[in-house]
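The lines below spell out each chain.
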Amino acid sequence: MSTTGRDLTRRLGLLLALGAAATLVLFVAYRGVHDDTVPLASSSTPGILAVDTAKNALQQAHRVVDGSGPTGDTTGDTTGEFHTQISVAHQSIAVAASENVTGPADRHTLQTVTGLITVYSAWVERAGQEPKAVLRGAYLHYAEQGRNDILDRLDDLRNEQLEVARGQASFPWPLWLGWGAALVLGLALCAALVEAQWFSRRRFHHAVHPPLLAATVLCAAGVAVLGWFTVRAHRAMGDSLAELRETRGADEIPEAGANVERYLADAGFWASLSEWVLFGGVLLMTLTLVGLWPRISEYRFRVPR
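Calculation notes
- Residues numbered from 1 in each chain as written.
- Predicted model: local features only at pLDDT ≥ 70, side-chain atom pairs only at ≥ 80, totals over all residues.
- Heavy atoms only, no water.
- Helix = DSSP H or I, 4+ residues; strand = E, 2+ residues; numbered from the N terminus.
- Areas by Shrake-Rupley, 256 points an atom, 1.4 Å probe, with all protein chains shown as cover.
- Salt bridge = Lys/Arg side-chain N within 4 Å of Asp/Glu carboxyl O.
- Buried < 20%, exposed > 50% of the residue type's maximum accessible area, 1.4 Å probe, protein only.
- Phe/Tyr/Trp six-rings, centres within 6.5 Å; stacked < 30°, edge-to-face > 60°.
- Axes fitted to C-alpha atoms, helices over the stretch in contact; angles between N-to-C directions.
- Parallel < 35°, antiparallel > 145°, perpendicular 65-115°, else oblique.
- Contact = heavy atoms within 4.5 Å.

A.B. asks: So what exactly am I meant to see when it comes to the overall build of the protein here?
C.D. replies: Looking only at helices and strands, the protein features nine helices and zero strands. Per element, the accessible surface of the protein, about 15700 Å² overall, is 62% carbon and sulfur.

A.B. asks: I tried to follow the pattern of salt bridges on my own but got confused; where do I start?
C.D. replies: Opposite charge on two side chains permits pairing when their charged atoms draw close. Per the counting criterion, the structure on display carries eight salt bridges. Residue Asp266 is joined to Arg232 by a salt bridge in which the shortest nitrogen-to-oxygen separation is 3.3 Å. Of this pair, Asp266 sits in the loop between helix H8 (253-263) and helix H9 (267-300) while Arg232 sits in helix H7 (residues 210-245); the two residues are 34 residues apart in sequence, bridging distant segments of the chain. Residue classification places Asp266 among the partly exposed positions, given a relative accessible area of 32%. Using a relative accessible area of 30% as the deciding quantity, one classes Arg232 as partly exposed. The structure contains a network of salt bridges with shared partners spanning Arg31, Asp35 and Glu275.

A.B. asks: Can you walk me through the packing of aromatic side chains in this structure?
C.D. replies: Any pair of aromatic rings gets described here by the distance separating the centres and the angle formed by the planes. This structure, assessed with the given rule, holds six aromatic pairs. Note on Phe229 and Phe269: the rings are 5.7 Å apart at their centroids and 80° apart in plane angle, and the pair reads as edge-to-face. Here Phe229 is found in helix H7, whereas its partner Phe269 is found in helix H9, with 40 residues between them in sequence. Given the relative accessible area of 13%, Phe229 is considered buried. Judged by its relative accessible area of 46%, Phe269 is partly exposed. Ring pairing ties together the aromatic residues Trp123, Tyr139 and Tyr142, which thus form one cluster.

A.B. asks: Could you clarify how one ought to interpret the packing of H7 against H8 in this entry?
C.D. replies: Between two packed helices, both the angle of their axes relative to each other and the distance between the axes serve to describe the pair. Where H7 meets H8, the closest approach of the two axes is 9 Å, and the angle between their N-to-C directions is 170°. Relative to H8, H7 is oriented roughly antiparallel. Seen from H7, the contacting residues are Ala236, Asp239, Ser240, Glu243 and Leu244; seen from H8, they are Ala256, Asn259, Val260 and Tyr263.

Here's what the structure looks like:
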């Protein structure tokens, strides 16, 4: 009695089950890494660097006030430079708020900081208009206290933003587990496809079984390519996080932004491949079905002898 039909059906069921499981696990594992690359590049990095820019602008503005002379005169060119730096700080705060790195708490902190900057500017302007040295010194003292409060709040916000960036760049144990399972399932699927080709060749004397061979190549190449892109993305996110950890001067901030942009230049492409994982899985299972189903059909209506 021939058992070829039953053997083929069993192999087809195993291949389809492995294909579906491998596709699902690979899809989840891949997205678990690459769904964070785009936010890190497009939101977290600009938000953190905007806070750095605001801090530097406020420090520069206060240096202008401190260096305005013994009389505390904040008029003329000095006043223009002070207001320029305050304008830069306000614009940077607006950019940081638009990126919304840490959520509602982010916006609330930045709204508070915006108000405090306005108060700080008012104290500095009153000091510049005050002819009496005692009152002028008191106004500048209040301004300095306000500036220190602003910088403390921005430091706290930056630390919170960095925590978000660390989470985006991290590779926690669920991802290790997911990728381990994806590799095991991918190897098992490739082995099962090779065994099915060997079985088909032995039973039907075909040197090559094109659909099953194509499915095998697709499985091996897909897992290898996606794994390589994931390694590259993880390395790029680590390098980006290292850039963001450093506190930089105003002249160094654009360079840091350019470095992160270079590291994560392919982030959008990497993330877009997650949808192709599902398409590739469906294609693989279709190739498997096309490869085995015609042979199974030959045995469906045969009466065992």
